[in-house]
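# Observations on the three-dimensional arrangement
Residue strings, one per chain:
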2 protein chains.
Amino acid sequence: MAKQAAPLQLLVEQFSKFAGVGRKNATRMAYQVMSMSDAEVQALADAIRGAHTKLHRCKICQDYTEEEICPVCQSKKRDHSVICVVESPRDVTVFERTREYNGLYHVLHGLFSPVDGIGAEQLCIRELLARLQDGEVKEVIMATSPTVEGEVTATYLARLIKPLGIKTTRLAYGLPVGSSLEYADETTLYRALSGRGEM
Amino acid sequence: MAKQAAPLQLLVEQFSKFAGVGRKNATRMAYQVMSMSDAEVQALADAIRGAHTKLHRCKICQDYTEEEICPVCQSKKRDHSVICVVESPRDVTVFERTREYNGLYHVLHGLFSPVDGIGAEQLCIRELLARLQDGEVKEVIMATSPTVEGEVTATYLARLIKPLGIKTTRLAYGLPVGSSLEYADETTLYRALSGRGEM
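What you are looking at is a predicted structure, and each value in this text was computed from that prediction instead of being measured. One numbering rule holds for all chains: residues counted from 1, following each sequence as written. The lettering of chains begins at A and the numbering of ligands begins at 1, in the order of writing. Given that this is a predicted model, residues contribute local features only at a pLDDT of at least 70 and side-chain atom pairs are listed and counted only at 80 or more, while totals for whole chains, interfaces and linings are drawn from all residues. Excluding hydrogens and water, the side-chain figures rest on all heavy atoms present in the structure.

## Re the side chain of T65(A)
Residues and elements named next belong to chain A. Helix numbers and strand numbers start at the N terminus; a helix is a DSSP run of H or I with at least 4 residues, a strand a run of E with at least 2. Along the chain, T65 falls in strand β2 (residues 64–65). By relative accessible area, T65 is classed as buried at 1%. Two N or O atoms count as a polar contact when they lie within 3.5 Å, although within protein this holds only if one can serve as hydrogen donor and the other as acceptor, and sequence-adjacent residues are included solely when both atoms are side-chain atoms. One polar contact links the side chain of T65 to the main-chain amide nitrogen of E67, over a distance of 3.1 Å. Contacts between residues were defined by any pair of non-hydrogen atoms, one from each residue, lying within 4.5 Å. Ignoring anything within four residues of it in the chain, the contact list for T65 reads K54, L55, H56, R57, C58, C70 and P71. Exposed residues in this analysis have more than 50% of their type's maximum accessible area, buried residues have under 20%, and partly exposed residues fall in between, with area computed by a 1.4 Å probe over protein chains only.

Next up, the structure:
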């Protein structure tokens, strides 16, 4: 059996590392790279490194941004009295797409997961609590996915925040239980947002 | 609605260009790049450029290789009297995985597709015919996918090759019609190979 050329194998391995990309799809992608022009390959490699180099976490909400403070946190048009707590930066994009939410965000960069050894220290919880000290925030919406990890994280945070006298709400169960937040369609997400109940 | 940061958008666009990678998966992949270490990002970008720079087409069979002539064409253990004609280099990998084929390959780098303006000139047909001149080749196996384009290409080639007195065979219809060759499992492919009939 003749093996694939080493540089191609290496590329397949790299692509296989992406969640949701299996071996066959990774192979397909690698061959697609082979059929690209030099300029296209350069653009792809540059985009990968560019995103990684130019972006970092917003000092306030922890979302990815090119600036020190992200456009949402900087905006005077947004409602600074509401914070929507999400697992990851991609969830911010999903909420922005509904065009129904005008508050701020806070990205935890993960969820509680004892199996993977992820506890409170690994999540951006300290940064969230720091934002709640000046009394400007009136409501914190827990918008973690309706999974076990999402529920545990939301419950834990609610217990920390309630004593501060801040309203703590949870997305309504319009979301199909067990699914992942990022695949929710705009309508479902909007319904979940408007039907949110106090925890 | 706050937009995603530009470098992230650019990366999502780049990933979306891959066949089979939709917008949501591309976004997911882009965020995964963000959570990689510097070294991991470097390895990914290098693998992409490395595969593209170091590999080129084998002078004989047109498969991708690091050398001038690929290991399969160079091998004295392979049966040089049989050529298996495939659409793309990834099909070579699929055949090699069956461990049942010991002949040579010829990669067309495409199939006839009048809709996309792909005719005989765009495929590596001239290179195939050149290999059939010295009388060493006794059989050419048409192993293009069982789709309309695959059939048309196989039929066209058979008509060119038969007058040279070379046996021209076609993979048996063990392959589910309408599917793509690269997703066939090893057993099905092996059955298709052994049940091949003369055209």
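## A word on the environment of G150(B)
Residues and elements named next belong to chain B. With respect to the helices and strands, G150 occurs in helix α7 (residues 148–161). Separated by 87 residues in the primary sequence, G150 and D63 place their C-alpha atoms 18 Å from one another. Here G150 is in contact with L111, T144, S145 and R170, once residues within four sequence places are set aside.

## Topic: α7(B)
Residues and elements named next belong to chain B. Expected span, for any helix, means 1.5 Å times one less than how many residues it has. For α7, with 14 residues, the first-to-last C-alpha span of 20 Å sits near the 20 Å given by 1.5 Å per residue. Buried residues of α7: G150, T153, A154, L157, A158 and I161, and no others. Taken around the axis of α7, the buried residues stretch over an arc of 135°, which confines them to a single face. Across from the buried face of α7, at angles greater than 90 degrees, the exposed residues are V148 and R159. The arc in question is traced by the directions running from the helix axis to the C-beta atoms.

## With respect to unusual backbone geometry
All names here are of chain B. In the Ramachandran plot, R99 falls in the positive-phi region, its phi being about 55° despite a non-glycine side chain. Here R99 lies in the loop between α5 (89–98) and β4 (104–107). Despite not being glycine, H109 has its phi angle at roughly 60°, a positive value. For H109, the location among the structural elements is in the loop between β4 and α6 (125–131).

## Considering the interface of chain A and chain B
Reports of interface size often rely on the accessible area that becomes lost once the parts have come together. Each partner contributes to the interface: chain A provides 55 residues, whereas chain B provides 55 residues. Throughout, the accessible surface (probe 1.4 Å) given up by two parts as they are put together, summed over both, is called the buried area. Between chain A and chain B, a total of about 5500 Å² is buried, with carbon and sulfur atoms accounting for 67% of that surface. By definition here, a salt bridge exists when the distance from a side-chain nitrogen of Lys or Arg to a carboxyl oxygen of Asp or Glu is within 4 Å. At the surface where chain A touches chain B, the tally comes to zero salt bridges. Connecting chain A to chain B are 12 residue pairs in polar contact (both at pLDDT 80 or more). When residues of the side of chain A that touches chain B are traced back to their parent elements, those giving at least two are α1 (6–16), α2 (23–34), α3 (38–54) and α5 (89–98) of chain A. Considering each element in turn, the side of chain A that touches chain B owes the most residues, 15 residues, to α3(A).

## Considerations on the packing of α1(A) against α2(A)
Residue and element names in this part refer to chain A. Axis definition: a line fit to C-alpha positions, over the contact stretch in the case of helices; interaxial angles, taken between N-to-C directions, run 0 to 180 degrees. Look at α1 against α2: their axes get within 8 Å of each other, and the N-to-C directions meet at 125°. In terms of orientation, α1 and α2 fall into the oblique class. The chirality of how α1 crosses α2 is right-handed. Residues L8, L11, V12, E13, F15 and S16 of α1 lie in contact with α2, whose contacting residues are R23, A26, T27, M29, A30, Y31, V33 and M34. Its residues placed into classes, the contact of α1 with α2 shows 10 nonpolar, two polar and two charged. Note on terminology: angles under 35 degrees are roughly parallel, angles over 145 are roughly antiparallel, angles of 65 to 115 are roughly perpendicular, and the others are oblique. Definitions for this section: a left-handed crossing has its near helix turned counterclockwise from the far helix by less than a right angle. A right-handed crossing has that turn clockwise. We call Asp, Glu, Lys and Arg charged. Ala, Val, Leu, Ile, Met, Phe, Trp, Tyr, Cys and Pro are nonpolar, and the rest, Gly among them, are polar.

## Describing the relation of the copies chain A and chain B
Superposition record for chain A on chain B: RMSD 0.0 Å, screw rotation 180°, translation along axis 0.0 Å. The operation mapping one copy onto its partner corresponds to a two-fold rotation axis. Taking the C-alpha atom as reference, chain A places A45(A) closest to the rotation axis, 2.4 Å from it. The residues that chain A uses at the interface reappear at the interface of chain B in 100% of cases, marking a shared surface. Here the copies are superposed with least squares, the fitted atoms being C-alpha atoms of residues at a pLDDT of at least 70 in both.

## Describing the confidence of the model for chain A
Residue and element names in this part refer to chain A. Summary statistics for chain A give a mean pLDDT of 88 and a share of 91% for residues scoring 70 or more. For every residue, the predictor states its confidence as a pLDDT score lying anywhere from 0 to 100. In the model of chain A, strand β7 (residues 197–198) stands out as the element of lowest mean pLDDT, 61, in contrast to strand β4 (residues 103–107), which has the highest, 96. Model confidence for the complex: the whole-complex pTM is 0.73, and ipTM, which rates the interface, is 0.73.

## What about the packing of aromatic side chains?
Whether two aromatic rings pair depends on their centres lying within 6.5 Å, for rings of Phe, Tyr and Trp, where Trp uses its six-membered ring; planes under 30 degrees apart make the pair stacked, over 60 edge-to-face, and the rest tilted. As enumerated under the stated definition, the model contains 12 aromatic pairs over all chains in all. Note on F95(B) and Y101(B): the rings are 6.2 Å apart at their centroids and 65° apart in plane angle, and the pair reads as edge-to-face. A relative accessible area of 1% places F95(B) in the buried class. Judged by relative accessible area, Y101(B) falls into the buried class, the value being 9%. Cluster of aromatic residues (ring-pair linked, three or more members): F95(A), Y101(A) and Y105(A).

## A word on the pairing of strand β6 (residues 167–170) of chain A
The side chains of a regular strand alternate between both faces of the sheet. All names here are of chain A. Two strands qualify as a pair provided that DSSP identifies no fewer than 2 bridges between them. Across four bridges, strand β5 (residues 139–142) lies against β6 in parallel orientation. Note that in β6 the partner of I141 across the bridge is T169. By convention, orient the strands away from the viewer: a clockwise path from the first strand over the helix to the second makes the crossover right-handed. In this view, the connection linking β5 to its parallel neighbour β6 by way of helix α7 (residues 148–161) has right-handed handedness.

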